[in-house]
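Spelled out, the chains give:
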Amino acid sequence: MLSVRGLRAGYGRIEALRGVDLEVAVGELVALIGSNGAGKTTTLKAILNLVPHSAGRIAFRGEPTERVPPHVLARRGIGVVPEGRRVFAISTVQENLELGGLARTTRSDARRAMERVFETFPVLRERRRQRAGSLSGGEQQMLAIGRALMSRPDLLLLDEPSMGLAPIYVEAIFALIARLNREGVTILLIEQNATLSLEIAARAYVLEQGCCVLSGPAAELRHHPQVVDAYLGGEFADR
Amino acid sequence: MMSRRPAPRAALAVAAVAAVAVPPLLAPYALHLCVMVGIFAILALSLNLICGWAGMISLGHAGFWLIGAYTTALLTTDHGIAFWWALPASIGITAASGLLLGLPSLRWNGHFLAVITIAFGMIVQTLSVNWEWLTHGNDGVSNIPRPVLFGHRLGANLAFYYLVVVILAAVWALMHRFIVSGYGRALKALRDDEVAAACMGVNIARFKVTAFVLSAGIAGMAGSLYASYVRFLNPDSFGLDTSIRVFVMVVIGGIGSIGGSILGSFAVYVLPEVLRPLQQYYYVIWGVVVIVVMRFLPGGLATIWSSAPPGRE
């Protein structure tokens, strides 16, 4: 579905990614974990061509995506839940969802898609005439995910969905991500919360200073000493 | 607009009836003010398209207004073309000039874009002074004919007033359709968060440029009406102060509100006239009025009917 090879990208002279490789197969839930500044969000931005990359290959469903602008990628089937949610604060919940469906759906399709989103998130139905900016953080995260699902993406990219949420919402959001994947959505999950990510993902990549330092099945990475040390509350030994 | 409560239907109906029924009863000078308010309302609506829905700032709208006005003025005088052909020509040429600002709007935002638009307005005004072969420079263009409709020349200001009202109503309807369409929703999203909008499949570049081109075209239409109404143009009427005045109309009326732009044009154009007998105090009072409106109605006059200010979360 998505393949990234030797990706290098940066901001001005600062190189944030120094050769990232990752692969997401159809139907998979893959996690990309790493600490602050490891390059997780930059990877996402480079995939979406929001940041130019200096080297490397990115392909979505076998087609190269270099120089394909983000709005075209959305139409080709990449759904995004951006970091910090970025719901359209001055628009209502319903308008947010309608916008999510703008890229790929007809009016009647959009109505059905919205119905499905409301079934998944009943709270959004209750609040559909409310401004998105007036929702709580967790509700906004649900809206951001619902908005991305409106276009029925083939690949869903989630950037730090747990960021800034109350623990109860974090659990709920992760359970939901796992469920969406079981229902057939291919997902690339970018997260700092390694514990929960490795619980729901099939495979994972660990990013450090712009490089993939580890990768493998999530079950194995959970016990990998380096991961345990750095992310799962182990000692910060010799690092 | 948005989650604000719209003005009660009754108030709108009264305003519409008054707009049609009252002007025949007015003194000539008051009628003149009404025509100017109508023309400025069209201009303010065009700017509102950029500020209110696309979230960009233009302080160069007098430039578009000038291009529309001069196109009609020169075509109808120097080339003897009828107003009804000059009007679409004004719209077309001004819309094309909208590209000149639409393209920079892709790279610059906020106050950078505002400064670029100021420069645009100044360049256009300077050209209208210096390209004497085309514009007659500071001499201006005089004896611009009034439109002829079904064999009748709209010489009387009252007849011209109704022409302006009809066109204003058409612009209102167009803008209204535009806002409820997916296009309007996309523009609103783009104003809120460009990157998120792009990720939802909104083609930012196309939307921004289209907003500028449409806005410029409508401003050109206002210019065309202005030229044939006042019948004499010179570059003085199209300076930065005019651009700012139109911007104030949009802000006072309510950014993103159609009715607000019309209300704002009325307030900004008529109030100084009412206050004029106060002479040197009038600027002071006018300034205080603007500050008070902004303090207590930050969403503009359009929100006067809703209790809570539409604060941004």
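Residues numbered from 1 in each chain as written. Chains lettered and ligands numbered in written order. Predicted model: local features only at pLDDT ≥ 70, side-chain atom pairs only at ≥ 80, totals over all residues.

Q: Mind showing me how you'd approach the overall build of chain A here?
A: Each helix and strand counted, chain A has 10 helices and 10 strands in total. Relative to a compact globule of 239 residues, whose C-alpha radius of gyration would be 18 Å, chain A shows 18 Å and is just as compact. Overall, chain A is about 55 × 40 × 30 Å in size when its C-alpha atoms are taken along their principal axes. (Helix = DSSP H or I, 4+ residues; strand = E, 2+ residues; numbered from the N terminus. Rg over C-alpha atoms; globule rule 2.2 N^0.38 Å.)

Q: Help me understand the domain arrangement of chain A, please; the structure alone is not making it clear to me.
A: Many authors give the size of an interface as the accessible area that is lost as the parts come together. The domains assigned to chain A are domain 1 (1–77 + 154–239) and domain 2 (86–153). For the side of domain 1 of chain A that touches domain 2 of chain A, the secondary structure elements donating two or more residues are helix 2 (70–76), strand 7 (155–159) and helix 7 (167–182) of chain A. (Domains from an automatic or database assignment.)

Q: Please clarify how the interface of chain B and chain A should be interpreted in this entry.
A: Every contact between the two is made by 20 residues of chain B and, on the other side, 25 residues of chain A. Elements supplying a minimum of two residues to the side of chain B that touches chain A: helix 8 (182–192) and helix 9 (194–199) of chain B. Top element by residues in the side of chain B that touches chain A is helix 8 of chain B. It accounts for 6 residues. Of the residues assigned to the side of chain B that touches chain A, the class counts are 10 nonpolar, 4 polar and 6 charged. (Contact = placed C-beta atoms within 7 Å. Nonpolar A, V, L, I, M, F, W, Y, C, P; charged D, E, K, R; others polar.)

Q: In this structure, what is going on with the packing of helix 2 (residues 28–53) of chain B against helix 7 (residues 157–180) of chain B? I would like to understand it.
A: All names here are of chain B. For the pair helix 2 and helix 7, interaxial distance at closest approach is 10 Å and the crossing angle is 20 degrees. With respect to helix 7, the axis of helix 2 lies roughly parallel. Seen along the crossing, helix 2 lies across helix 7 with a hand that is left-handed. Here helix 2 contributes Pro28, Leu31, His32, Cys34, Val35, Gly38, Ile39, Ala41, Ile42, Leu45, Leu49 and Trp53 to the contact with helix 7, which in turn contributes Asn157, Leu158, Phe160, Tyr161, Val164, Val165, Ile167, Leu168, Val171, Met175 and Ile179. Tallied by class, the residues present in the contact of helix 2 with helix 7 amount to 20 nonpolar, 3 polar and no charged. (Axes fitted to C-alpha atoms, helices over the stretch in contact; angles between N-to-C directions. Parallel < 35°, antiparallel > 145°, perpendicular 65-115°, else oblique. Left-handed = near helix turned anticlockwise from the far one by under 90°.)

Q: Where do I start with the nonpolar core in this structure?
A: The tendency in soluble globular proteins is for nonpolar side chains to be buried side by side. Ranked by size, the top nonpolar core spans 164 residues in total, and within it Leu188(A), Ala204(A), Ile39(B), Ile42(B), Leu43(B), Met200(B) and Ala222(B) carry the most contacts. Domain assignment of the residues forming this core places at least three in each of domain 1 (1–77 + 154–239) and domain 2 (86–153) of chain A. Beyond its immediate stretch of four places on either side in the chain, Ile39(B) contacts Val164(B), Ala222(B), Leu225(B), Tyr226(B) and Tyr229(B). (Core = buried A, V, L, I, M, F, W, Y, C linked by C-beta atoms within 7 Å. Buried ≥ 20, exposed ≤ 12 C-beta atoms within 10 Å, placed from the backbone.)

Q: What should I look at first to understand the sheet that holds strand 4 (residues 53–60) of chain A in this one?
A: Strand pairs in the sheet, formed through backbone hydrogen bonds, run parallel or antiparallel to each other. Taken in spatial order, the 4 strands of this open sheet run 2-1-4-5 (chain A), and their pairing is antiparallel. Strand pairing shows two members of the sheet lacking a second neighbour, strand 2 (14–24) and strand 5 (63–64) of chain A, which therefore form its edges. (Pairing = 2+ DSSP bridges.)

Q: Help me understand the environment of Ala201(A), please; the structure alone is not making it clear to me.
A: All names here are of chain A. As for its placement among the helices and strands, Ala201 is situated in the loop between helix 8 (194–200) and strand 9 (203–208). Along the primary structure Ala201 and Met163 are separated by 38 residues, whereas in three dimensions their C-alpha atoms are 18 Å apart. Excluding its chain neighbours within four sequence positions, the residues that come into contact with Ala201 are Leu29, Val30, Ala31, Leu189 and Ala218.

Q: Honestly, the environment of Ser261(B) in this entry has me stumped. Any pointers?
A: Residue and element names in this part refer to chain B. If you trace the backbone, Ser261 turns up in helix 12 (residues 258–275). The spacing of Ser261 and Ala197 is 64 residues in sequence and 26 Å in space, taken between C-alpha atoms. Leave out the neighbours within four places in its chain, and Ser261 touches Ala41, Ala44, Leu45, Asn48, Met249, Val250 and Gly253.

Q: Mind showing me how you'd approach the confidence of the model for chain B here?
A: Reading predicted coordinates in detail is not appropriate for stretches of low pLDDT. Residue and element names in this part refer to chain B. In this model, chain B carries an average pLDDT of 87, and 95% of its residues clear a pLDDT of 70 or more. Element-level mean pLDDT values for chain B span from 79 in strand 2 (residues 152–153) up to 95 in helix 3 (residues 61–77). Predicted confidence for residues 307–313 stays below pLDDT 50, and this span has 15 contacts to residues more than four positions away or in other chains. For this predicted complex, the interface confidence comes out at an ipTM of 0.81, alongside a pTM of 0.82. (pLDDT = per-residue confidence, 0-100.)

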